[in-house]
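A structural walkthrough
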Amino acid sequence: MQIQLVCVGQKMPTWVTQGYSEYAKRLPPHCSLQLVEIPLLKRGKNADLKRLQNEEGEKILAALGKDAHVVALDERGALWNTQALSEHLAHWLQTAPQVSLLVGGPEGLASACKARAVQSWSLSPLTLPHPLVRILVAEQIYRAWSLLHNHPYHRE
């Protein structure tokens, strides 16, 4: 199974790239994590933010595989603890050749992206900076995988 982390935004600081890469490389080939970056459209003084959000959403949807199991990362989504995430990961490993986790831009995910999603996941009730979300998701996917495989990384 391949997990796509589809994020709006490019040119992240080095610490973000290194943090994300550290956890992504720990995952085995049968549960790989691939970052797909969607360019953030320019937001000027009088930008039509809804239009920009929708255009970014179209680009996100175009990046998805036809049969992808889509999960929207959204502040209104379900809060999953580590055990719940590992259960979702186990299910995805058995049923989905591709899982796509969607992270929107500054205005969040377009409604079309939320409509395409079959699950909605909230990382926290806090508002998190998008660069940090990349690292957090990669670490949590690795942690969930390690829990499923009795790897010593996860300790309860």
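Look above for the structure.
Below: a short report on this structure. (Residues numbered from 1 in each chain as written. Predicted model: local features only at pLDDT ≥ 70, side-chain atom pairs only at ≥ 80, totals over all residues. Heavy atoms only, no water.)

Here we take up the environment of glutamine 53. Structurally, glutamine 53 can be placed in helix α2 (residues 49-63). Those residues in contact with glutamine 53, other than ones at most four positions away along the chain, are Glu107, Gly108, Leu109 and Ala110. (Helix = DSSP H or I, 4+ residues; strand = E, 2+ residues; numbered from the N terminus. Contact = heavy atoms within 4.5 Å.)

Before going further, it helps to examine the packing of helix α3 (residues 82-95) against helix α5 (residues 130-148). Interaxial distance between α3 and α5 falls to 8 Å at its minimum, and their mutual angle equals 80°. Considering the angle they form, α3 stands roughly perpendicular to α5. Facing α3, whose interface residues are Thr82, Gln83, Leu85, Ser86, Leu89, Ala90, Trp92 and Leu93, α5 presents Gln140, Ile141, Arg143, Ala144, Trp145, Leu147 and Leu148. When its residues are assigned to classes, the contact of α3 with α5 shows ten nonpolar, four polar and one charged. (Axes fitted to C-alpha atoms, helices over the stretch in contact; angles between N-to-C directions. Parallel < 35°, antiparallel > 145°, perpendicular 65-115°, else oblique. Nonpolar A, V, L, I, M, F, W, Y, C, P; charged D, E, K, R; others polar.)

Taken in spatial order, the five strands of this open sheet run β2-β1-β4-β3-β5, and their pairing is parallel. The strands lining the two open edges of the sheet, one partner per strand, are β2 (32-38) and β5 (119-122). Averaged over all pairs of adjacent strands, the angle between strand axes in this sheet comes to 30°, irrespective of strand direction. Sheet topology note: the strand β1 (residues 2-8)/strand β4 (residues 98-103) ladder contains six bridges and is parallel. (Pairing = 2+ DSSP bridges.)

Turning our eyes to something else, we now look at the pairing of strand β3 (residues 69-79). Here β3 runs beside β4; their pairing, made up of four bridges, is parallel. From the neighbouring strand, valine 70 faces β4, where its bridge partner is serine 100. Assessed by its sense of winding, the connection that carries the chain from β3 through α3 to β4 is right-handed. Pairing analysis gives five bridges linking β3 to β5, with the strands arranged parallel. Residue pairing in the sheet places alanine 72 in a bridge with serine 120 of β5. (Right-handed = clockwise from strand over helix to strand, strands pointing away.)

A few words on the packing of aromatic side chains. The geometry of an aromatic ring pair is captured by two quantities: the separation of the ring centres and the angle between the planes. Evaluation of the coordinates by the stated rule reveals four aromatic pairs. The interplanar angle of 25° and the centroid separation of 6.1 Å between the aromatic rings of tyrosine 142 and tryptophan 145 together place this pair among those described as stacked. Of this pair, tyrosine 142 and tryptophan 145 both sit in helix α5, three residues apart, which is roughly one turn of the helix. Like tryptophan 145, tyrosine 142 is buried. (Phe/Tyr/Trp six-rings, centres within 6.5 Å; stacked < 30°, edge-to-face > 60°. Buried < 20%, exposed > 50% of the residue type's maximum accessible area, 1.4 Å probe, protein only.)

Right, let's talk about the pairing of β1 for a bit. Burial analysis of β1 places six of its seven residues in the buried class, which makes it a mostly covered element. In this structure, β1 lies alongside β2, joined through seven bridges in parallel fashion. Its bridge partner lying in β2, glutamine 2 is registered against serine 32. Chirality of the crossover, the property in question, places the unit of β1, helix α1 (residues 14-24) and β2 among those that are right-handed.

The values reported here are purely geometric and, on their own, carry no functional implication.
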